[in-house]
Amino acid sequence: MRLLRFVAFSIVLMLISTPGALAQQPRSDSTATEQSALDSFDESAEKQMVELLQADRQKAGVALLEWNMNLRDTARLHAFELTKHSELQAEYPGELELVHRLALSNVGIAVAAEVMAKGPSVEQAHTWLVANPATYAHALSPKYTDVGVAVLKHDGRYYLVIDLVEALSKISVDELERVVVKAIQDYRVQRKIMPLNLTITKKLRGVACDMAKKGSVATRPIDPSQLELGGIIKNGGTHLINFTVIQPNDLPPAITRMTADPTITSFAVGACIAQKSYYVSTIFYYDIRPATGR
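Remember, it's a predicted structure, so these values are computed and weren't measured experimentally.

Caption draft 1: Seen up close, the confidence of the model for the protein. The predicted model of the protein averages 77 in pLDDT, with 77% of residues at 70 or higher. For the protein, the element scoring lowest by mean pLDDT is helix 1 (residues 2–16), at 26; helix 4 (residues 43–59) scores highest, at 94. Note that pLDDT drops below 50 for residues 1–37; the model gives that stretch 17 contacts with residues more than four away or on any other chain. For residues 229–234, every residue scores under 50 in pLDDT, and the model assigns this stretch ten contacts once sequence neighbours within four places are set aside.

Caption draft 2: Up close: the pattern of salt bridges. Within the structure shown, the criterion is met by seven salt bridges. Linking Lys84 and Glu81 is a salt bridge whose minimum nitrogen-to-oxygen distance equals 3.2 Å. Across the salt bridge formed by Arg205 and Glu177, the nearest N and O atoms sit 2.9 Å from each other. With Arg205 in helix 10 (residues 203–214) and Glu177 in helix 9 (residues 173–190), this pair connects stretches of sequence that are 28 residues apart.

Caption draft 3: Main features of the state of the cysteines. Counting across every chain of the model gives one disulfide. The disulfide bridge from Cys209 ends at Cys272, spanning 2.2 Å between sulfur atoms. Taking the torsion about the S-S bond as the criterion, the Cys209 to Cys272 disulfide, at about 95 degrees, is right-handed. Here Cys209, found in helix 10, pairs with Cys272, found in strand 8 (residues 264–273); they are 63 residues apart in sequence, far enough to count as distant. Cys209 sits in the partly exposed class, given a relative accessible area of 21%.

Cut-offs applied
Residues numbered from 1 in each chain as written. Predicted model: local features only at pLDDT ≥ 70, side-chain atom pairs only at ≥ 80, totals over all residues. Heavy atoms only, no water. pLDDT = per-residue confidence, 0-100. Helix = DSSP H or I, 4+ residues; strand = E, 2+ residues; numbered from the N terminus. Contact = heavy atoms within 4.5 Å. Salt bridge = Lys/Arg side-chain N within 4 Å of Asp/Glu carboxyl O. Disulfide = S-S within 2.5 Å. Buried < 20%, exposed > 50% of the residue type's maximum accessible area, 1.4 Å probe, protein only.

Take a look at the structure:
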């Protein structure tokens with residue numbers, strides 16, 4: 001799946017970056033008119049937008065962002081889609097979701113946001129951005145560490161996409177585990193299921209780090225009683241699920257199925273950061289006490 005996404009990404013960039021080759025082919029007058037207005041990414045405008053954004057953050061007393069070329073490329077994917085539609089949207093039919101587009105950047109991401117604007121100039125697009133409290137709050141949020149900016153000129157207008165992320169390489173393992181915990185709890189809340197009780201155990205992190213060292217999610221059978229989980233195990237059963245991901249908030253199907261089970265009552269998470277991915281070990285608990293009748 002990861003390979004297919006990368007191939008699709010490469011093809012789109014190829015189509016965007018070869019206007020010269022297209023211009024050399026014979027064409028009718030109407031085609032020539034269309035080619036004269038061919039979309040083009042404006043690198044100087046992208047740099048200008050980054051400078052405006054950094055100035056805003058500096059004025060607000062917020063840490064500056066690190067420019068990331070890979071995030072710029074993923075932002076360009078969405079900018080290309082913006083020009084095909086009259087309304088700015090976070091996602092269009094047939095387009096990858098933001099989390100999957102960002103996965104193409106190979107940047108480990110804890111949280112992310114995407115901000116869009118358009119205008120007759122970069123300055124006007126920035127003015128619109130500042131005037132919108134919701135989007136501007138993202139632009140000034142101190143939790144983001146890296147940024148990629150795309151500016152695409154189309155029919156005399158500038159289409160702006162800003163991808164803001166908190167890079168996992170800049171957070172602690174504790175924060176990484178909180179990302180996974182939040183993703184699991186949010187998944188249940190979105191399906192109107194009560195959030196789970198969280199059980200804390202540092203030994204489960206050791207399991208995840210063992211997987212990271214071996215480069216494999218295979219583990220020896222684990223005795224939950226050895227994980228300092230207390231009485232929660234005495235009247236319950238457990239499910240152990242290990243997985244590895246590039247984006248820790250992009251939960252695999254095995255986790256989402258377990259997370260959506262209303263009979264699950266509690267869970268524990270341990271995580272470890274490897275060179276190019278993140279290893280996570282989870283235990284889900286369910287109550288196996290027999291129902292009592294009158």
